[in-house]
Structures are given as C-alpha cells and as structure tokens.
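# Fold and contact review
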Amino acid sequence: MDLSSINPVLLIASVMVSATPILLAAIGEMVVEKSGVLNLGVEGMMITGAVVGFAVAVSATSPGLGFVAAAIAGALLSLAFGLLTQYLLSNQVATGLGLTLVGLGLSSLIGKPYEGMKTPTLSKFEIPLLSDLPILGDMLFSHDVMVYFSLLLVAAVWAFLKYTRAGLILRAVGEGHDSAHALGYKVTQIRILAILFGGACAGLGGAYLSLVRVPQWTEGMTAGAGWIALAIVVFASWRAGRVAVGAYLFGGVTVLQLNLQAAGADVPVALLSASPYLITILVLVIISARGVHGAPASLGRPFHASH
Amino acid sequence: MNRRTLLTTAALALTLGTTAFAQDEEITAGFIYIGPPGDGGWTYEHDQARQKMEAHFDGKVKTIYQENVPESADAERAITQMALTGADIIFTTSFGYMDPTLAVAEKFPDVKFEHATGYKRSDNVSTYSARFYEGRAVQGHIAGKMTKTNKIGYIASVPIPEVIRGINSAYIHAKKVNPDVEFSIIWLYTWFDPAKEADAARALIENGADVVLQHTDSTAPQAAAQEAGNVITFGQASDMAEYAPMPRVSSIIDDWAPYYIARVQAVLDGTWESTDTWDGIGKGMVGIGEISDAVPADVKAEALAMKDAIASGEYHPFTGPLKKQDGSDWLAEGEVADDGTLAGMNFYLEGITAEIPN
C-alpha cells in the first residue's frame, strides 16, 4: 500500500469543502428543532438555495450575491412551511416532506436555463499572519470565506443558545411550549424566526454545493445531503459542537475514503464506501452516550394558544 | 355555399376530427430513469431519445416517464405503477432494474418490457445495450498518449460487467501506447451524485492523475477538472460539449433514438419479439464526440482511424494476446473476445493493480 501520493494539505482542504454544505444545513436545522419544530424539508430548501444561488451568481457574476440570494430563497421557502405548520397547524412531518418535493421540482424548473453554465469561483480568503504559517497556513487558514463563516456560525449558535436570554427563551419554547406561552412568550413568532434561520442556513449550504463544491448546477444535485444533515442533528443530540464534529467527520471520512481508493489502499471498497455513515454514527453515539440528551420535549408537537 | 354544404363540411370535419383523435396516442411508451433528465449525461440521452421517438410518431405514441427511481425494491413499485397506468411498452434504463423488470413482466404478460444493459430476458422482456467499450478503446488511446504524469483516474460507479469492461478496454489501449501508464480507480456505488463525483475527481487529481475518465452520469467531474486546470476528461454518455475544448477533449455519446423508434414501431405493427440488441460504433448506437484541438493532430488522426476500424469491424478492442489480471491466458494471439464472455466480464486484465470489489 502506497499512500504517499495523498497530500495532507490538499486532503484537509477537500475535507473542509466537503463538510461545509452539510454543516450549514445541520446547524440551521438544529436551531429549528431546538425551538420544537421538525422541518423535514431541508433537502428541498438546500436544492432551492443551490439553484437560486447559482442563477444569481452567474447573472450578477458575483458569488457573494449568490449566497445572499440563496439564503433569502431558503428562508422564503421555509416561511411557507412556517405559515402552514404554525398558523394553519398542518402536520409538520407531512408538510416538511412536501417542502422537499416542492423544492426539488421548483429547482429543476428554475435551473433549466443554467445547465452547463460556469460560475465565477469564490476567491480564497487568506487570514493575515496565520496563513503565512508553514503547512498549517495552507491547510487551515487559506480557504474561502464561507468555510470560516460556517464555523463562526456554529460558535455563534452555541453561544446564543447557552449564554443569551433569547437563546434561553428559544430553548424554553422547544422544551415546553405551553409553559413558555403561560410566561408570556410568543411561541409561534419565535418558532417562525427559528424556521426562517433554518431555511436561510439550508439555502447557504445548497449554494455552497453549486458554487464551490461541484461547482455547477445539475438537477437533483443535493442527492440526499439534506437528509444527512437531518440525521446528524439527531445523532449529535442537538448540540452545536457535536453537529460540527458530525459534519466534519462525515465530510472528512467521505473525502478520505475517496483518497484511499485513489491511492490504491488495500481495504475492501465496500467497507470504505460505507465508512462515512458508520464512523459518523459510531462516534456521535459514543460521545453522546453519557448524560441526558433527549430531543426537545415539544419537538414536532403542534401549538395553539387556545389549547 | 348553401346551408347543406356547410353542414356536410362541418360533419366531415367532425368525422375527420374524431378519426384524427382516435389515431391519437395509439400506444403509450413508458420510461424509468435512474437520475433526472437534467443530469447532462446518461438519463439526459435517454430522455432526448424519448422525445425524438415521440416526435417521430407525431402524436401516435404517448410517452411517460418517471425519474430518480432507485435501483431497489422501489423500482418494482415504479414499474408496476407504470404498467398499471396503461403503458404498452416500458423501457427500464439502468442495470439495477434487471430483476424488478422481470418480476413485473411476469405479472403483465401483455406489456412489452425493454431493459437497458442487462442480460436476463423472457417472452416479454428484451434487452438492449451499446458497446460502450468500443468508445472506451478510443478514449484509452487518447488518454495514454496525453497523460504526462502517467496516472489516469477512473471514476467507476457500480461493479457490474459493463463498467469493468469499460475499465479493461480503456486500460489496454492506454497501456498499448504508453507502457508506464497506471490506473487509479474509485468506486462510488452510485450512478448519480454530483457532489460525490466532484469529490472523487478532486481526489484523483490530488493523487496525481491528469486524465479523469468517468462512468457516472453527471457533468460534475468535468467541472472539478476544469477548476483544477491541466486535466483532461471525456464526456460520458452525452457529449458534454459545454466543457470543450478543455477539460473535455472527446466523448462517448449514446444514441438510443433509432432503437426506441424501431421498437415502438414493432409494437405498433404487432411484430414485437423478445430480442437482445448490442450495437456499437458501426450501427451508430455509440458515437465519438468531436475530438477537440487540445489533442495533438497525430493523436487525433490515430484515434479517428481506430474508430473507423472498429466501425467497419476490422478491429475488435478485445483482440489477443490478452491475459487476465492473475496472469492466466484469456485470448490467444489474434483471437477475438466472444460476446458471452464480454457480457459477463468480471475480471480485470493483466496490469491493473486494483481489485474488483464484490
């Protein structure tokens, strides 16, 4: 087995590119679920973000604008989910699945004229000083700005939920919406805000796929990434840090196994191919084994002030 | 024009109208797709052929299709559904639909089934495929001539004979013109996942490959190669001309339209029989996309000469002497591989260092 052809610097860079879309979508969904709402439409919002981000980036020749548009598109789509489930009290599971179907159909409709087009690439952002470090500089500190943004977002979500009053209220709404309502918090409005945040994050994740990771628009290109994000939230037991661990493990093992195959490693390919799923689940289950890490108590339950 | 003539004309027009209506959509042809028609590759070409066929019959044939049907128990449900909605002939366009197609065909003896790339037939199930390996030979030749790192990356999908045949064909022809060439093969276990395909292309390029061949359905590897620069690729199943002249230097194009037209015609005529079709460059089912200017003129000329020799039947890509990977003899000097062995090919040829996953 000759693994010398694998370049660790390039490998880490690929891992970050591969992990970022899932990380963005998962951290958004985590906030939604923390507020007590289960939105299964992540895949639909992601692919809508992918197509809208791509279309805007191509038309405006600006990937930055593409990301902004993708976030708005994801949020708008999630608003439809929010209105249906929070005001019209539709079933969250069915509505979420519907959202995925709508997103897939809508995206292939919008994307038709953009097939085969090329996008302006997102420029690399080299962090001053740190990027000059030997090896580590290239490995960790000279990626595109969305990679850093996604990691900062994880830190921000963690701090928000743990240290701020607003974060506490969000969690209270998710744990017991009747009590939160009795205390005078506007459960429905808080949930709508969380849903919008989740939609925007999923949109960004999708746009990262079409603008950086692939980079092109192809119908159905998320190919299940949204479902992976949903699974990671559960296995990470609704903790921001673990969501990041899960997304990076999944992205990391995916890229690593491809590199091992390319280098001709002497490991059964079927095992390598299954390894991203196996290792991610295994690690997250082990680190979540101790303590109480149940789902938010009101997750998926409809709320109406009159009940 | 008096009133009577007017009425007669109207009546005539009405009769003609109804006749035309009755002629409308005599039969329904259904298609089951593995990916979306917008994949830019495999499914795209099947869908183009479906549209050409529909246009050819000008209203006599109605076509329906279902996209993104997984190669699992779900396939049987989707095919059954299509048979129930009244399809007279159903084309199932991926290898993994083989057993589901046969299972459904047994329940619907009056419906004709056409399974692409498979090898199991019955009274109402035909199989059809293209000799993609002929195109792979041309590809291998260009790849072997053009690689500078002597490392050729191959994005493989699922370990079935068709994919293995393609790898073997590309490999022996690259090796013939460049004895130092090495193949790195990545198996993705999926036909369509653009993100994974792009990751695989990147992994191959980062491991030193400067030629990336793909046997997956989307254009994602082309985009990844373009981003990396100085890497060449080949369009797979479709021309993928939007990536020419670099990275895409040529392509293998599947042309299913003449076959679909012939088979649907047979259903209309009542002459449909279960058959096994396996056509190549000669019959036009496999096309070689334009070889771009990125390829040196002499290499291009050699590639085209090989294409012509294959088309005329003068040259068979699997001509001995050839040995299997374990060193045992397969074909003696001048011997040509028989279709049976090719159809079930489950071994690599001598020189490939990887192992076939099982």
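Just so we're clear, the structure is a prediction, and the values are computed from it rather than from any experiment.

### With respect to the interface of chain B and chain A
Accessible area lost upon the coming together of the parts is a frequently used measure of interface size. If you look at the interface, chain B gives 36 residues, while chain A gives 34 residues. Taking both sides of the interface into account, the surface hidden between chain B and chain A amounts to around 2600 Å²; carbon and sulfur atoms contribute 51%. The largest share of the area that chain B buries against chain A comes from Asp199(B), Glu206(B) and Asn207(B), three residues that together contribute 22% of it. Our enumeration of links across chain B and chain A arrives at one salt bridge.

### Quick notes on the nonpolar core
With 104 residues, the main nonpolar core has Ile27(A), Met30(A), Val42(A), Phe67(A), Trp217(A), Val243(A) and Ile186(B) as its most contacted residues. The leading source of residues in this core is helix α1 (residues 8-34) of chain A, at 14 residues. Here Val243(A) is in contact with Leu23(A), Ala26(A), Ile27(A), Met30(A), Ile232(A), Val233(A) and Ala236(A), once residues within four sequence places are set aside. In terms of nonpolar packing, the next biggest core, distinct from the first, is built from 96 residues, Ala143(B), Ile261(B), Ala337(B) and Leu349(B) among them.

### Here we look at the sheet that holds strand β10 (residues 248-254) of chain B
Backbone-to-backbone hydrogen bonds pair the strands of a sheet. The strands run either parallel or antiparallel. Residue and element names in this part refer to chain B. Read from one edge to the other, the open sheet built from six strands follows the order β7-β6-β8-β9-β10-β12, with strand pairing classed as mixed. Since the sheet does not close on itself, it has two edges, and those belong to β7 (182-187) and β12 (286-289), each with one partner. Between one strand axis and the next, the sheet turns through 15 degrees on average, direction left out of account. Two strands pair when backbone bridges link them, and strand β9 (residues 232-237) and β10 are joined in this way by five bridges, in the parallel orientation. Each bridged residue has a counterpart across the sheet, and for Phe 234 the counterpart in β10 is Ser 250. The strands touched by helix α5 (residues 132-146) are β6 (151-156), β8 (211-214), β9, β10 and β12; relative to β10, the strand with the most contacts, the crossing angle is about 175 degrees.

### Digging into the packing of aromatic side chains
Residue and element names in this part refer to chain B. Per the counting criterion, the structure on display carries 23 aromatic pairs over all chains. With a centroid separation of 5.3 Å and 35 degrees between ring planes, the pair formed by Tyr 33 and Tyr 65 is classed as tilted. One end of the pair, Tyr 33, is in the loop between β1 (27-32) and α2 (42-57); the other, Tyr 65, is in strand β2 (residues 61-66), with 32 residues separating them in the sequence. Residue classification places Tyr 33 among the buried residues on the basis of a relative accessible area of 0%.

### Some words on a nonpolar patch on the surface
Residues and elements named next belong to chain A. On the surface, Leu 83, Leu 84, Tyr 87 and Leu 88 cluster together to form a nonpolar patch covering roughly 400 Å² of accessible area. Within the element layout of this structure, Leu 84 appears in helix α3 (residues 63-87). A relative accessible area of 37% means that Leu 84 is categorised as partly exposed.

### A few points about helix α8 (residues 220-228) of chain B
Residues and elements named next belong to chain B. Within α8, the full set of buried residues consists of Ala 220, Pro 221, Gln 222, Ala 223, Ala 224 and Ala 225. Residues of α8 that are buried make contact with β6, α7 (194-206), β8, β9 and β10. In the stretch just after α8, Gly 229 is the one whose phi turns positive, near 75 degrees.

### Side note on the packing of α7(B) against α8(B)
Residue and element names in this part refer to chain B. Packing of α7 against α8 leaves a shortest axis separation of 7 Å and a crossing angle of 40 degrees. Between α7 and α8, the crossing angle belongs to the class labelled oblique. Between α7 and α8 lies a crossing of right-handed hand. Together, Pro 194, Glu 197, Ala 198, Ala 201, Arg 202 and Ile 205 of α7 and Ala 220, Pro 221, Ala 224, Ala 225, Glu 227 and Ala 228 of α8 make up the contact between the two elements. Taken together, the residues of the contact of α7 with α8 sort by class into nine nonpolar, no polar and three charged.

### With respect to the packing of helix α2 (residues 42-60) of chain A against helix α10 (residues 225-235) of chain A
Residue and element names in this part refer to chain A. Across the interface, α2 lies against α10 with an axial gap of 7 Å and an inter-helix angle of 130 degrees. In terms of orientation, α2 lies oblique with respect to α10. Considering the relative orientation of α2 and α10, their crossing is right-handed. Residues Val 42, Glu 43 and Met 46 of α2 pack against Ala 225, Gly 226, Trp 227, Ala 229 and Leu 230 of α10.

### Quick word on the pairing of β8(B)
Residues and elements named next belong to chain B. Residue alternation in β8 divides its side chains into two sets, Val 211 and Leu 213 and Val 212 and Gln 214, and both sets are buried. With four bridges joining them, β6 and β8 adopt parallel strand pairing. By the bridge assignment for β8, Ile 155 is matched with Gln 214. As defined by bridge partners, β8 adjoins β9 across two bridges and the pair is classed as parallel. Bridging across to β9, Val 212 finds its partner in Thr 233. Read from β8 through α8 to β9, the crossover connection turns out right-handed.

### Quick word on the pattern of salt bridges
Residues and elements named next belong to chain B. Throughout the structure, instances matching the rule amount to 16 salt bridges over all chains. With a closest N to O distance of 2.8 Å, Asp 47 and Arg 50 form a salt bridge. Here Arg 50 and Asp 47 lie together in helix α2, a separation of three residues that amounts to about one turn. The exposure class assigned to Arg 50 is buried, which follows from its relative accessible area of 8%. Between Arg 131 and Asp 339 there is a salt bridge; the shortest N-O distance is 2.8 Å. Within this pair, whereas Arg 131 is found in the loop between β5 (125-130) and α5, its partner Asp 339 is found in helix α11 (residues 339-343), the two being separated by 208 residues in sequence. Residue class for Arg 131 comes out buried when judged on its relative accessible area of 13%.

### Some words on the environment of Asp210(B)
Residues and elements named next belong to chain B. On the secondary structure map, Asp 210 appears in the loop between α7 and β8. C-alpha of Asp 210 to C-alpha of Ala 266: the two residues are 56 residues apart in sequence and 46 Å apart in space. Every residue in contact with Asp 210, bar those within four places of it in the chain, is listed here: Met 146, Thr 147, Lys 148, Thr 149, Lys 151, Asn 230, Val 231 and Ile 232.

### Considerations on the sheet that holds β2(B)
Residue and element names in this part refer to chain B. If you walk across this open sheet you meet the six strands as β2-β1-β3-β4-β5-β11, and the pairing is parallel. Either end of the sheet is taken by a strand with one partner, and the two such strands are β2 and β11 (276-279). Averaged over neighbouring strand pairs, the angle between their axes works out to 15 degrees when direction is ignored. Bridging between strand β3 (residues 89-92) and strand β4 (residues 112-116) involves four bridges; their strand directions are parallel. Across the sheet, the residue bridging to Ile 90 is Phe 113, located in β4. Sitting on the sheet, helix α9 (residues 257-269) is in contact with β1, β2, β3, β4, β5 and β11, with an inclination near 155 degrees to β3.

### A closer look at the domain arrangement of chain B
All names here are of chain B. Along its sequence, chain B is organised into domain 1 (3-131 + 256-279) and domain 2 (132-254 + 286-343). Averaged C-alpha coordinates put domain 1 and domain 2 at centres separated by 31 Å. Opposite the 18 residues of domain 1 that make contact, domain 2 presents 23 residues. Summed over both partners, the interface of domain 1 with domain 2 comes to about 1700 Å²; 60% of that surface belongs to carbon and sulfur atoms. In terms of surface lost to domain 2, no three residues of domain 1 exceed Trp 42, Arg 131 and Trp 278, which account for 37% of the buried area on that side. Across the contact surface, domain 1 and domain 2 share one salt bridge. Viewed at the interface, domain 2 and domain 1 are joined by seven residue pairs in polar contact (both at pLDDT 80 or more). At the level of secondary structure, the elements contributing two or more residues to the side of domain 1 that touches domain 2 comprise α2, β5 and β11. No other element matches the three residues that α2 contributes to the side of domain 1 that touches domain 2.

Reading the values: rules and limits
- Residues numbered from 1 in each chain as written.
- Chains lettered and ligands numbered in written order.
- Predicted model: local features only at pLDDT ≥ 70, side-chain atom pairs only at ≥ 80, totals over all residues.
- Heavy atoms only, no water.
- Contact = heavy atoms within 4.5 Å.
- Buried area = accessible area lost by both parts, 1.4 Å probe.
- Salt bridge = Lys/Arg side-chain N within 4 Å of Asp/Glu carboxyl O.
- Core = buried A, V, L, I, M, F, W, Y, C linked by side-chain atoms within 4.5 Å.
- Buried < 20%, exposed > 50% of the residue type's maximum accessible area, 1.4 Å probe, protein only.
- Helix = DSSP H or I, 4+ residues; strand = E, 2+ residues; numbered from the N terminus.
- Pairing = 2+ DSSP bridges.
- Axes fitted to C-alpha atoms, helices over the stretch in contact; angles between N-to-C directions.
- Phe/Tyr/Trp six-rings, centres within 6.5 Å; stacked < 30°, edge-to-face > 60°.
- Patch = residues over 30% accessible without salt bridge, like charges linked within 9 Å, V, L, I, M, F, W, Y side chains within 5 Å.
- Areas by Shrake-Rupley, 256 points an atom, 1.4 Å probe, with all protein chains shown as cover.
- Parallel < 35°, antiparallel > 145°, perpendicular 65-115°, else oblique.
- Left-handed = near helix turned anticlockwise from the far one by under 90°.
- Nonpolar A, V, L, I, M, F, W, Y, C, P; charged D, E, K, R; others polar.
- Right-handed = clockwise from strand over helix to strand, strands pointing away.
- Domains from an automatic or database assignment.
- Polar contact = N/O pair within 3.5 Å; in protein donor to acceptor, adjacent residues only side chain to side chain.

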